[in-house]
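Next come the chains, spelled out residue by residue.
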Amino acid sequence: MKIGVIGLGRMGGNIVRRLMQAGHSCVVYDANPTAGAALTKEGAVAADSIAALVEALGAGPRTVWVMLPSGKITEQTIAQLGDLMRKDDAIIDGGNSNFKDDVRRARQLAPKGIKYLDVGTSGGVWGLARGYCLMIGGDTEVVARLDPIFAALAPGLGTIERTAGRDKLDPRAERGYIHAGPVGAGHFVKMIHNGIEYGMMQAFAEGFDIMRNRASQKLPADERYDLNLADVAEVWRRGSVVTSWLLDLTASALAKDARLEHFSGNVEDSGEGRWTIEAAIEEAVPADVLAASLFVRFRSRQQHTFAEKVLSAMRLGFGGHVEAPKQ
């Protein structure tokens, strides 16, 4: 299939590469011409404007994947595409937009017959090699039409053991992508995914902080333990019930620098963490752990602990998120 991709940053560029590896044709655009030029050497066609990208896609129905930071830039880009595209063309927002914005955008595009899909995309900087976990919202017919795109980006069955009892359930989930529901459902599921991620990361961070502080001179001498945290993280990766990719990233960071001295512990939060708590409030669902993990990130910008350094190490590992400079 032929597809346009706007936004060639940490994930957008690798999405293009993975699609081309699967035989799809990509027309790309980024405000930074260097990003597009690099991908032309690998087989993509670079456009010098959004209008030129749409034109280069040829006859419809055309598809454009927007991979930009949530907020104003995504809003403006989708509005511009809405003016350029025609009936039955499809716009995909693969970033981290608020699901309520998706519902509004789809409603605005509907009179023109332009289809809108929201695709929660997880995989970070490792997506090119590992594939992307995709949570898709939109009309069933359009999702089915674009299945070759989603199948190419998803990890596939891989080596993960199959879940018993799934024989009669949607096989796409086992391959790493789902049609979550109508417009907004994809980003809603991804939002909750990221909220849970906050809690899981916080649990690891606090646990390693407690272990590190067991060597404190304030404790009785015979109850002090100078633990090798890199070894602890490594042994937990081997058969423990807390084994996970987040633990893998923690083990890797500690193996390189046991004290994590190159991290300050200034931890940013993304919109999804806040939106998850807002959704919990709307639904009157208690979310104690997720709320607390969000507030810890606020505090981290004022005072830092070893736990926040562990959080920073995980964020750098899965998403390439570099700490914000001190204010």
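Shown above is the structure to which this text applies.
On to the overall build of the protein chain. Each helix and strand counted, the protein chain has 14 helices and eight strands in total. Its C-alpha atoms give the protein chain a radius of gyration of 22 Å, near enough to 20 Å, the size a compact globule of 327 residues would have. By residue count, 47% of the 327 residues in the protein chain fall in the buried class. Considering only intrachain contacts with a sequence separation of at least 6, the fraction spanning at least 24 residues in the protein chain is 68%. As presented, the protein chain carries roughly 16,400 Å² of accessible surface, and 55% of it is formed by carbon and sulfur atoms. Distance from the positive charge centre (38 side chains) to the negative charge centre (39 side chains) of the protein chain: 2 Å.

Okay, the environment of Asp118 next. Mapping Asp118 onto the fold places it in strand 6 (residues 115–122). Remark: the alpha-carbon pair of Asp118 and Met135, spanning 17 residues in sequence, is separated by 8.1 Å. With near-sequence residues (within four places) excluded, Asp118 lies in contact with Asp93, Asp102, Met135, Ile136, Gly137, Gly138, Pro182, Val183, Gly184, Ala185, Gly186 and His187. Within the structure, the side chain of Asp118 is placed 2.6 Å from the backbone nitrogen of Gly184, a separation counted as a polar contact. A polar atom in the side chain of Asp118 sits 2.9 Å from the backbone nitrogen of Gly186.

Running from N to C, helix 10 (residues 229–236) and helix 11 (residues 245–256) point in directions that differ by 150°, and their axes come no closer than 8 Å. On the basis of the axis angle, helix 10 is roughly antiparallel to helix 11. In this structure, helix 10 meets helix 11 at a crossing whose hand is left-handed. Along the contact surface, helix 10 presents Leu229, Ala230, Ala233, Glu234 and Trp236, while helix 11 presents Leu247, Ala251, Leu254 and Ala255.

With that settled, consider the packing of aromatic side chains. Overall, the coordinates contain four aromatic pairs when judged by the stated rule. Ring geometry for Trp65 against Phe150: centres 6.5 Å apart, planes inclined by 55°, an arrangement best described as tilted. Residue Trp65 is found in strand 4 (residues 63–66), and its partner Phe150 is found in helix 8 (residues 147–153); the two are separated by 85 residues along the sequence. No difference in accessibility class separates Trp65 from Phe150, as the two residues are buried. Taking 5.0 Å as the distance between ring centres and 80° as the angle between the ring planes, the aromatic pair formed by Phe99 and Phe188 counts as edge-to-face. Taken together, the positions of Phe99 in helix 5 (residues 99–109) and Phe188 in helix 9 (residues 185–212) put the pair 89 residues apart, joining distant regions of the chain. The class for Phe188 is partly exposed, based on a relative accessible area of 26%. Sitting above the plane of the Trp245 ring, Arg130 keeps its charged end 4.1 Å from the centroid. We note Arg297 situated over the ring of Tyr198; from NZ or CZ to the ring centre the distance is 3.7 Å.

Val16, Leu19, Val28, Trp65, Leu134, Phe150 and Leu153 are the most contacted members of the largest nonpolar core, which has 30 residues in total. Setting aside chain neighbours within four positions, we find Phe150 in contact with Trp65, Ile92, Leu117, Val119, Leu134, Ile136, Val143 and Tyr177. If you look at the next biggest cluster of nonpolar residues, it comprises 25 residues, including Phe208, Val232, Leu254 and Met314.

Read across the open sheet, the eight strands follow the order 3-2-1-4-5-6-7-8; overall the sheet is mixed. Of all the strands in the sheet, the pair left with one neighbour each is strand 3 (45–46) and strand 8 (177–181). In the sheet, strand 7 (residues 133–137) pairs with strand 8 via four bridges, with the strands oriented parallel. Residue Ile136 lies in a different strand from strand 8, and its bridge partner there is His179. Of the strands in this sheet, strand 1 (2–6), strand 2 (25–29), strand 4 and strand 6 touch helix 1 (residues 12–21), which is tilted by about 165° from strand 2. Relative to the sheet, helix 4 (residues 72–84) contacts strand 1, strand 4, strand 5 (90–93) and strand 6, its axis offset from that of strand 5 by approximately 175°.

Moving on, we come to the pairing of strand 2. Every other side chain in a regular strand lies on the same face of the sheet, so the side chains alternate between the two faces. Where burial is concerned, most of strand 2 is hidden: four out of the five residues are buried. As paired strands, strand 1 and strand 2 are joined by five bridges and run parallel to one another. By the bridge assignment, Ile3 is partnered in strand 2 with Cys26. Sheet topology places strand 2 next to strand 3; two bridges connect them, and they run parallel. When the bridges of strand 3 are listed, Val27 appears paired with Val45. Read from strand 2 through helix 2 (residues 33–40) to strand 3, the crossover connection turns out right-handed.

Calculation criteria
- Residues numbered from 1 in each chain as written.
- Predicted model: local features only at pLDDT ≥ 70, side-chain atom pairs only at ≥ 80, totals over all residues.
- Heavy atoms only, no water.
- Helix = DSSP H or I, 4+ residues; strand = E, 2+ residues; numbered from the N terminus.
- Rg over C-alpha atoms; globule rule 2.2 N^0.38 Å.
- Buried < 20%, exposed > 50% of the residue type's maximum accessible area, 1.4 Å probe, protein only.
- Contact = heavy atoms within 4.5 Å.
- Areas by Shrake-Rupley, 256 points an atom, 1.4 Å probe, with all protein chains shown as cover.
- Lys, Arg positive; Asp, Glu negative; His and termini not counted.
- Charge placed at Lys NZ, Arg CZ, Asp CG, Glu CD.
- Polar contact = N/O pair within 3.5 Å; in protein donor to acceptor, adjacent residues only side chain to side chain.
- Axes fitted to C-alpha atoms, helices over the stretch in contact; angles between N-to-C directions.
- Parallel < 35°, antiparallel > 145°, perpendicular 65-115°, else oblique.
- Left-handed = near helix turned anticlockwise from the far one by under 90°.
- Phe/Tyr/Trp six-rings, centres within 6.5 Å; stacked < 30°, edge-to-face > 60°.
- Lys NZ or Arg CZ within 6 Å of the ring centre and 35° of its normal.
- Core = buried A, V, L, I, M, F, W, Y, C linked by side-chain atoms within 4.5 Å.
- Pairing = 2+ DSSP bridges.
- Right-handed = clockwise from strand over helix to strand, strands pointing away.

The values are spatial; any link to function lies outside them.
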